[in-house]
Amino acid sequence: MRTAAVLTEYDTPLDLRDVEEATPSPTGIAVETDACGICRSDWHAWKGHWPSVPTDAHILGHEPAGTVIAVGDEVENYSIGDQVGIPFNVACGCCDNCWSGKSHLCTDGLSLGFTRDLPGAFASEFTIPKADFNAVHLPDGMSSVEMAGLGCRFATAFHGLAHKINVCAGDWLAVHGCGGIGLSVVNIGAALGANVVAVDLNEDALALAKEVGVTATVNAGDQDVSKAIRDITNGGADISVDALGIAETCRNSIDCLAEQGTHVQIGMTTDEEAGEIGLPVDKMVNTELEFVGVKGMPPSRYPELFRMIAGGKLSPADLVTDEVRLSDVSDQLSSMDDYDTLGMEVVTEF
């Protein structure tokens, strides 16, 4: 048996209980969970914003790292005792997207912790299918906590800035929302040479942003955000990221851009927006703005991220502000209702 925090009803405390042990498929591995991040995506699922997430004793948790404890007969690259991390987009390994290096957009992919067929890692053990394709070895010197800090937030931010946008030295980059995603964008943007303007209502979050690379900060509670950014950047940001996913931050992100600027959407919407936000289309046309969505990162590109961490360019560990117990997850999710969290929280006691 293993211990898990189980979803039985939306927006109610998870049920801490014993469940059947994790048994890998022939292509999969079972992993003892050493650490698992608590992400706003978990909050979205827990709140019921995504009705496809099941409530029949389902296990959330999609930012894990741990130790391999069992290996399927067909697995070639992993052995018992290996330290691994798992990107949350779990792919089939054989569709056109997988073969073309876009496995995070796999046609038949599963999302760890969000789909019925793939229970997550808010548990003492979990399994991953097609492990040779979906798991990553932890580099020497990287802890499970640091890997959990990469989670979906840091990796998605890296994919967006380094692969889809190609941030350049000297670019003005605005970041709307300094939660886990936003702080990741700040750290990565600064490492890539951008001048970063961070926006939030919380002065503690802005203070943490200053520690990981911002050039300037804007408190959204006491000024016109778009005007403040245009003043700081002398005309508007080259790139702007909505790291929160509400209508106000999305619109502010677009409104603060200079001509031919790029808006990047990483934050997912709540039930209030229900996936739909009105956009200033005429302005986007007349100033040739781009709108870019970003989700996850394929495992094949994690070595780029690992090399930057090893070289001291990036520091996801600095964004981990608290280590908690599995029994604390419900309280941590509840605190996200009022955006009352700082940095990244990681479960380390199961």
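Residues numbered from 1 in each chain as written. Predicted model: local features only at pLDDT ≥ 70, side-chain atom pairs only at ≥ 80, totals over all residues. Heavy atoms only, no water.

> Outline the overall build of the chain, listing residues and values.
Helix and strand counts for the chain stand at eleven helices and 18 strands. On C-alpha atoms alone, the chain measures out to a radius of gyration of 20 Å, which is about the 20 Å that the 2.2 N^0.38 rule sets for 350 residues. Pairs at least 24 apart in sequence give 70% of the contacts found in the chain among residues at least 6 apart. Roughly 14400 Å² of accessible area belongs to the chain as shown, and the carbon and sulfur atoms make up 45% of that amount. Within the chain, the 53 negative side-chain charges are centred at a point lying 5 Å from the centre of the 19 positive side-chain charges. (Helix = DSSP H or I, 4+ residues; strand = E, 2+ residues; numbered from the N terminus. Rg over C-alpha atoms; globule rule 2.2 N^0.38 Å. Contact = heavy atoms within 4.5 Å. Areas by Shrake-Rupley, 256 points an atom, 1.4 Å probe, with all protein chains shown as cover. Lys, Arg positive; Asp, Glu negative; His and termini not counted. Charge placed at Lys NZ, Arg CZ, Asp CG, Glu CD.)

> Account for the UniProt feature "domain: Enoyl reductase (ER)" (unreviewed entry) in the chain, with residues named and values stated.
The UniProt record annotates "domain: Enoyl reductase (ER)" (unreviewed entry) at residues 11–347. Counted over residues 11–347, helix gives 29% and strand 24%. Its end C-alpha atoms are 20 Å apart. (UniProt positions renumbered as here; feature names shortened; annotations may be inferred.)

> Could you give me a rundown of the nonpolar core, with the residues and numbers involved?
Ranked by internal contacts, the top residues of the largest apolar core, which has 46 residues, are M147, L173, V185 and L305. Those elements that place two or more of their residues in this core are α4 (144–165), β11 (172–176), α5 (180–191), β12 (195–200), α6 (203–211), β14 (237–242) and α10 (302–310). Sorting elements by how many residues they give to this core places α4 first, with eight residues. One finds V53, V68, L118 and A135 within the second-largest nonpolar core, a separate group that totals 38 residues. (Core = buried A, V, L, I, M, F, W, Y, C linked by side-chain atoms within 4.5 Å. Buried < 20%, exposed > 50% of the residue type's maximum accessible area, 1.4 Å probe, protein only.)

> Describe the sheet that holds strand β2 (residues 15–19), with residues and values.
Pairing is antiparallel across the open sheet formed by three strands, whose spatial order is β2-β1-β4. Edge strands, defined here as strands with exactly one partner in the open sheet, are β2 and β4 (58–59). Where strand β1 (residues 2–7) lies against β2, five bridges are found, and the strand directions are antiparallel. Among the inter-strand pairings, R2 is bridged to a residue of β2, identified as V19. (Pairing = 2+ DSSP bridges.)

> With reference to specific residues and values, describe the environment of F154.
For F154, the location among the structural elements is in helix α4. For F154, a relative accessible area of 0% translates into the label buried. Expressed as a C-alpha distance, the spacing of F154 and A5, which sit 149 residues apart in the sequence, is 24 Å.

> I'd like to hear about helix α7 (residues 225–233), residue by residue, with values.
Among all positions of α7, only V225, S226, A228, I229 and T233 are buried. One side of α7 holds all its buried residues, which, seen down the axis, span an arc of 160 degrees. Structurally, α7 contributes buried residues whose contacts are with β11, β12, β13 (216–219), β14 and α8 (247–255). Between the side-chain oxygen of the N-cap and the backbone nitrogen of S226 there are 3.2 Å, and the N-cap of α7 in question is D224. Where α7 terminates, the next one or two residues include N234, which has phi positive at roughly 60 degrees. (Arc of directions from axis to C-beta. Polar contact = N/O pair within 3.5 Å; in protein donor to acceptor, adjacent residues only side chain to side chain.)

> So, the packing of α4 against α5: which residues are in play, and what are the values?
At a closest axis distance of 8 Å, the pairing of α4 and α5 adopts a crossing angle of 45 degrees. Taken as axis vectors, α4 and α5 run oblique relative to one another. Here the hand of the crossing between α4 and α5 comes out right-handed. Contacts from R153, F154, A157, F158 and L161 of α4 reach α5 at G180, I181, S184, V185, N187, I188 and G189. For the contact of α4 with α5, a count of residues per class yields seven nonpolar, four polar and one charged. (Axes fitted to C-alpha atoms, helices over the stretch in contact; angles between N-to-C directions. Parallel < 35°, antiparallel > 145°, perpendicular 65-115°, else oblique. Left-handed = near helix turned anticlockwise from the far one by under 90°. Nonpolar A, V, L, I, M, F, W, Y, C, P; charged D, E, K, R; others polar.)

> Describe the packing of aromatic side chains, and please don't skip the residues or the numbers.
Per the counting criterion, the structure on display carries two aromatic pairs. Against the face of W43 rests R40, its NZ or CZ located 4.7 Å from the ring centre. (Phe/Tyr/Trp six-rings, centres within 6.5 Å; stacked < 30°, edge-to-face > 60°. Lys NZ or Arg CZ within 6 Å of the ring centre and 35° of its normal.)

> So what's going on with the pattern of salt bridges? Which residues, and what values?
When their charged atoms lie close together, side chains carrying opposite charge are able to pair. What the rule picks out here adds up to nine salt bridges. Across the pair R153 and E63 runs a salt bridge, and its minimum N-O distance is 2.6 Å. On the criterion of sequence distance, the pair formed by R153 in helix α4 and E63 in the loop between β4 and β5 (64–71) is long-range, its members being 90 residues apart. Between K283 and D255 there is a salt bridge, with the nearest N and O atoms lying 3.5 Å from each other. Of this pair, K283 sits in helix α9 (residues 281–286) while D255 sits in helix α8, and the two are 28 residues apart along the sequence. By relative accessible area, which is 29% here, K283 ends up partly exposed. By sharing partners, the salt bridges in this structure join D11, K47 and D337 into a single network. (Salt bridge = Lys/Arg side-chain N within 4 Å of Asp/Glu carboxyl O.)

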